[in-house]
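# Secondary and tertiary structure notes
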2 protein chains.
Amino acid sequence: MSLTERDQNNTVQDHYRSRSGLKAHFIDRTDPVVYAAEPTAAPISEKLVQQYDEQGFIILEDLFSAREVAGFQQELDRLRHDEEIKASGETITEPDSGDVRSIFRIHEISPLFKKLAADARLAGLAQYLLDDQVYIHQSRLNYKPGFRGKEFYWHSDFETWHVEDGMPAMRALSMSITLTANDESNGPLLLIPGSQRKYVVCEGHTPAEHFRSSLKKQEYGVPSDECLSHLAEQGGIVTATGKPGSVILFDCNIMHGSNGNITPFPRSNAFFVYNALSNRVVDPFCDQAPRPEYICTRRQIKPLTVQQSGNNHG
Amino acid sequence: MSLTERDQNNTVQDHYRSRSGLKAHFIDRTDPVVYAAEPTAAPISEKLVQQYDEQGFIILEDLFSAREVAGFQQELDRLRHDEEIKASGETITEPDSGDVRSIFRIHEISPLFKKLAADARLAGLAQYLLDDQVYIHQSRLNYKPGFRGKEFYWHSDFETWHVEDGMPAMRALSMSITLTANDESNGPLLLIPGSQRKYVVCEGHTPAEHFRSSLKKQEYGVPSDECLSHLAEQGGIVTATGKPGSVILFDCNIMHGSNGNITPFPRSNAFFVYNALSNRVVDPFCDQAPRPEYICTRRQIKPLTVQQSGNNHG
């Protein structure tokens, strides 16, 4: 049975109900994590593919040259000081300080990040793992300021993309390209290995225009304390650290979050969500209007033409 | 010139003015870090003494037996579920949840922790480093809950003990005995090595009854962003991790703090502040009344009689 099976009214079935009044519980994942059938054709080592399958994430270092990373960082600085972007209504600011926290749609508004999104090292790998053409479901620059950077509580991205965006199945993945050093003290990404195999049904309902607050602080679509404890006791917690330019590749359903950041050192990354074209979004699986296009690509789905990176290493 | 020199009115001079309307700046420390004159008599290795002198902290593992650590943990559980203690007015709770965060005066209210405070492994080492008889300036159990544990912003303990308690000089140190695993993800202590040599003059003034809010969230007596950045760029940031029963020994003026804790795993420790008897508190160096006795020993100063730990290893 395909997970995007439609009923007689041509409606995609909801196999991952959440925030629908049910008590918190787990649903075992039936979707694969790795869709690729031929391990020999992988653009990364078989061992890494296996690790991704089992743990739900891998960290790739040295994918980019120092010059490329410097270019990403310059582009980050340019974008976060662009007054037009700040005023666009597509930028998220810190609850207290008003500092820029996230800039969306960087695969559209920035020529550099548009090129990066289609780069074979990222998009080619996504195509392989998802065994399909891919498009960008969401992209953004995250800038977690130092001193007073807030925590981001545990969540599965897929839970939100499913409920609020109408993503039918778990056939999507994220790539976070670190643009500053991510070390153990400046609020790095925390991941629970293996948690991608359990779907956590969340309590509560989705309020209207939830995205206006959830991108600053998530209060709905978060796991119960009991579910979270169970996952962490089973899988432990991994701190994703790395030098600038590392790629943290993680499955759409892995449980993750991050502590705050009181160090003076900001933590920034570029973030691309690749979704399989066959898994394109339908109507949200909740009673709310779809989130805006800058948060969830819906009307302008464009399969990526993968670009070989050529002689960029310099 | 002694740092506790008195003027013609018999008033102890304030060599570390802070929160007195001055702009944030550094004062070079003139007090020693290690007071002991004879390194050969040290109860720990010379190398560790040197490391403490240079970095302002050391982490001692395996000082206690597994049986002893289990005893401390049981006592922690007993105390934090004691309704009388909870209602005593000497207990600090989390701003949001109301969970117990700190219990004070454990060297008085708990026979076990009273014995631990005087144990040669701790008190003997404090005597050695401070080259004086010692007493407990403050003691507490810290319980940092999982899921929603809040951050504790950067500060020098001495700045508060000087301004609010009237501790004349930097001749005190803290020992934190970890009672749960402290790992990189559950909000461990962050320290800036070498920062004990710089006194950060803080801006603002001390509000009345500051202790009622400062023990939950410190807003006065915190370093400016510029001062903090300078210290962190010079010294870096160290994450103090360790298995249960580790002792983190740190100088009274080292800059430290901790990020929040979204993991399900609480972080607890027992905390003793040893002050040199010759450095006993005088009137506060601000225009406020002294803090209560449970936060700062003032009327009941009792030099510790160091107890050999004997055959406790089991």
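Presented here is a report on the structure given in the accompanying data block. In every chain, residue numbers begin from 1 and rise along the written sequence. For naming, the first written chain is A and the first written ligand is 1, with later ones following in the order written. In keeping with the predicted nature of the model, local features appear solely for residues at pLDDT of at least 70, side-chain atom pairs appear and are counted solely at 80 or more, and the whole-chain, interface and lining totals rest on all residues. Values reported for side chains reflect all heavy atoms of the structure, with hydrogen atoms and water molecules removed beforehand.

### Remarks on the overall build of chain A
Each helix is a run of DSSP H or I of at least 4 residues and each strand a run of E of at least 2, with the numbering of both proceeding from the N terminus. For chain A, the helix and strand inventory stands at nine helices and 13 strands. The C-alpha radius of gyration of chain A comes to 18 Å, within 12% of the 20 Å expected for a compact globule of 314 residues. If you line up chain A on its principal axes, its C-alpha atoms span 55 × 50 × 40 Å. Buried positions account for 58% of the 314 residues belonging to chain A. Here, residues are in contact when the closest pair of their heavy atoms is within 4.5 Å. Restricting to contacts in chain A with at least 6 residues of sequence separation, those with at least 24 account for 86%. Accessible surface area values rest on a Shrake-Rupley calculation with a 1.4 Å probe, where residue burial reflects the displayed protein chains alone. Of the roughly 13,100 Å² of accessible surface on chain A, a fraction of 46% belongs to carbon and sulfur atoms. Only four residue types enter the tally: Lys and Arg on the positive side, Asp and Glu on the negative side, with His and both chain ends excluded. Where a charge sits is defined by one atom per residue type, namely NZ (Lys), CZ (Arg), CG (Asp) or CD (Glu). Across chain A, 32 positive and 42 negative side-chain charges occur, with their mean positions spaced 4 Å apart. Just to be clear, the radius of gyration here is over C-alpha atoms, and the globule rule we use is 2.2 Å times residues to the power 0.38. In this scheme, a residue with accessible area under 20% of its type's maximum is buried, one over 50% is exposed, and one in between is partly exposed, where area comes from a 1.4 Å probe on protein chains only.

### With respect to the side chain of S102(A)
Residues and elements named next belong to chain A. Mapped onto the secondary structure, S102 falls in strand 4 (residues 100-104). Here a polar contact is taken to be a pair of N or O atoms separated by no more than 3.5 Å, where protein atoms must pair a possible hydrogen donor with a possible acceptor and residues adjacent in sequence count only if both atoms sit in side chains. Separated by 2.8 Å, the side chains of S102 and N142 make a polar contact. Those residues in contact with S102 that sit more than four places away from it in its chain are E90, T91, I92, R140, L141 and N142.

### A word on a negative patch on the surface
Among the surface-exposed residues, D183(A), E184(A), D183(B) and E184(B) lie close enough to one another that they form a single negatively charged patch. Mapping E184(B) onto the fold places it in the loop between strand 7 (172-178) and strand 8 (189-191). Given a relative accessible area of 30%, E184(B) falls into the partly exposed group. Exposure above 30% relative accessible area and the absence of a salt bridge qualify a residue for a patch, where like charges join within 9 Å and nonpolar side chains (Val, Leu, Ile, Met, Phe, Trp, Tyr) within 5 Å. Salt bridge criterion: a side-chain nitrogen from Lys or Arg within 4 Å of a carboxyl oxygen from Asp or Glu.

### Things to note about the side chain of T239(A)
Structurally, T239(A) can be placed in strand 10 (residues 238-240). Here E184(B) takes part through its side chain, which lies 3.1 Å from a polar atom of the side chain of T239(A).

### Topic: helix 6 (residues 120-130) of chain B
Residue and element names in this part refer to chain B. A large share of helix 6 lies buried, amounting to ten of its eleven residues. Within helix 6 the residues assigned to the buried category are A120, R121, L122, A123, G124, L125, A126, Y128, L129 and L130. Near the N-terminus of helix 6, the side chain that reaches the backbone nitrogen of R121, with its oxygen 2.8 Å away, is that of D119. Of the residues one or two after helix 6, D131 is the one with positive phi, at around 50°.

### Considering the relation of the copies chain B and chain A
Overlay of chain B on chain A (RMSD 0.0 Å): rotation 180°, translation along the axis 0.0 Å. Considering both components of the superposition, the chain copies are consistent with a two-fold axis. In this assembly the copies share their binding face: 100% of the residues contributing to the interface of chain B also contribute to that of chain A. In superposing the copies, a least-squares fit is computed on C-alpha atoms, taking residues whose pLDDT is at least 70 in both.

### Considerations on the packing of helix 2 (residues 66-80) of chain A against helix 5 (residues 111-118) of chain A
Residue and element names in this part refer to chain A. Simply put, an axis is a line fit to the C-alpha atoms, just over the touching stretch for a helix, and the angle between two N-to-C directions goes from 0 to 180 degrees. Their axes nearest at 10 Å, the elements helix 2 and helix 5 cross at an angle of 135°. By the angle between their directions, the pair helix 2 and helix 5 is classed as oblique. Handedness of the helix 2/helix 5 crossing: left-handed. The residues of helix 5 that touch helix 2, namely those facing G71, F72, E75, L76 and L79, are P111, L112, F113 and L116. Oblique is the label for any angle not under 35 degrees, not over 145, and not in the 65 to 115 range, which are roughly parallel, roughly antiparallel and roughly perpendicular in turn. The handedness criterion is simple: a crossing whose near helix is rotated anticlockwise from the far helix by less than a right angle is left-handed, and one whose near helix is rotated clockwise is right-handed.

### Comments concerning the sheet that holds strand 8 (residues 189-191) of chain A
Residues and elements named next belong to chain A. Across the sheet, which stays open at both edges, the four strands sit in the order 6-12-8-10 with antiparallel pairing between neighbours. Looking at strand neighbours, the two that pair on one side only are strand 6 (152-156) and strand 10, the edges of this open sheet. Across this sheet, the average inter-strand angle for adjacent strands is 25°, counted without regard to direction. Judged from the three bridges that link them, strand 8 and strand 10 form a sheet pairing that is antiparallel. Looking at the pairing, L190 lines up with T239 of strand 10. On top of the sheet, helix 7 (residues 157-165) reaches strand 6 and strand 12 (255-258); it is set at about 65° to strand 6, its chief contact. Paired strands are those between which DSSP finds at least two bridges.

### Regarding the sheet that holds strand 4 (residues 100-104) of chain B
In a beta sheet, neighbouring strands are held together by backbone hydrogen bonds and run either parallel or antiparallel to one another. All names here are of chain B. Reading across the sheet, the seven strands line up as 2-11-7-13-5-4-3 and stay open at both edges, with antiparallel pairing between neighbours. Looking along the sheet, the strands with just one partner apiece sit at the ends: strand 2 (57-60) and strand 3 (91-93). Going across the sheet, the axis of each strand differs from the next one's by a mean of 15°, ignoring polarity. Across five bridges, the pairing between strand 7 and strand 11 (residues 247-251) is antiparallel. Residue pairing across strands places S174 opposite F250, the latter belonging to strand 11.

### Quick word on helix 5 of chain A
For an α-helix, 3.6 residues make a turn, and residues three or four places apart therefore share a direction. Within helix 5 of chain A, burial applies to F113(A), L116(A), A117(A) and A118(A). Buried residues along helix 5 of chain A sit in contact with helix 2, helix 4 (106-109), helix 6 (120-130), strand 5 (134-144), strand 7 (172-178) and strand 13 (267-276) of chain A.

### A word on the packing of aromatic side chains
Residues and elements named next belong to chain A. Pairing of aromatic rings covers Phe, Tyr and the six-membered ring of Trp, with a centre-to-centre limit of 6.5 Å; geometry is then stacked below 30 degrees between planes, edge-to-face above 60, and tilted otherwise. Scanning all chains against the criterion turns up 16 aromatic pairs over all chains. Ring centres 5.2 Å apart and planes at 85° place the aromatic pair F64 and F72 in the edge-to-face group. Residue F64 is classed as buried on the basis of its relative accessible area of 7%. You can call F72 buried: its relative accessible area is 5%. With 6.1 Å between their ring centres and 40° between their planes, F250 and F271 make a pair best called tilted. One end of the pair, F250, is in strand 11 (residues 247-251); the other, F271, is in strand 13, with 21 residues separating them in the sequence. What makes F271 buried here is its relative accessible area of 6%. Grouped by ring-pair contacts, the aromatic residues Y16, F158 and Y199 constitute a single cluster.

### Notes on the pattern of salt bridges
Applying the stated criterion across every chain, the model contains 30 salt bridges over all chains. One salt bridge in this structure joins D251(A) and R29(A), with 2.8 Å as the shortest N-O distance. In this pair, D251(A) is assigned in strand 11 and R29(A) in the loop between strand 1 (25-28) and helix 1 (46-55), connecting sequence segments 222 residues apart. There is no split in this pair, since D251(A) and R29(A) are both buried. A salt bridge links K198(B) to D28(B); the nearest nitrogen and oxygen atoms lie 2.8 Å apart. In this pair, K198(B) sits in strand 9 (residues 198-201) while D28(B) sits in strand 1 (residues 25-28), placing the two residues 170 residues apart along the sequence.

### Points about unusual backbone geometry
A positive phi angle, near 50°, is found at D131(A), a position not held by glycine. Relative to the assigned elements, D131(A) resides in the loop between helix 6 and strand 5. Not every positive phi belongs to a glycine, and R105(B) is a case in point at roughly 55°. As for its placement among the helices and strands, R105(B) is situated in the loop between strand 4 and helix 4 (106-109).

### Regarding the interface of chain B and chain A
Each partner contributes to the interface: chain B provides 26 residues, whereas chain A provides 26 residues. What counts as buried area is the accessible surface, traced by a 1.4 Å probe, that two parts surrender upon association, with contributions from both included. When chain B packs against chain A, the two sides together hide about 2,100 Å² of surface, and 59% of this comes from carbon and sulfur. When the buried area of chain B at its contact with chain A is split by residue, E184(B), N259(B) and I262(B) rank highest and sum to 30% of it. At the junction of chain B and chain A, the tally comes to two salt bridges. R148(B) is the partner of D225(A) in a salt bridge, and the nearest nitrogen-oxygen pair spans 2.6 Å. For the pair chain B and chain A, the number of links is ten residue pairs in polar contact (both at pLDDT 80 or more).

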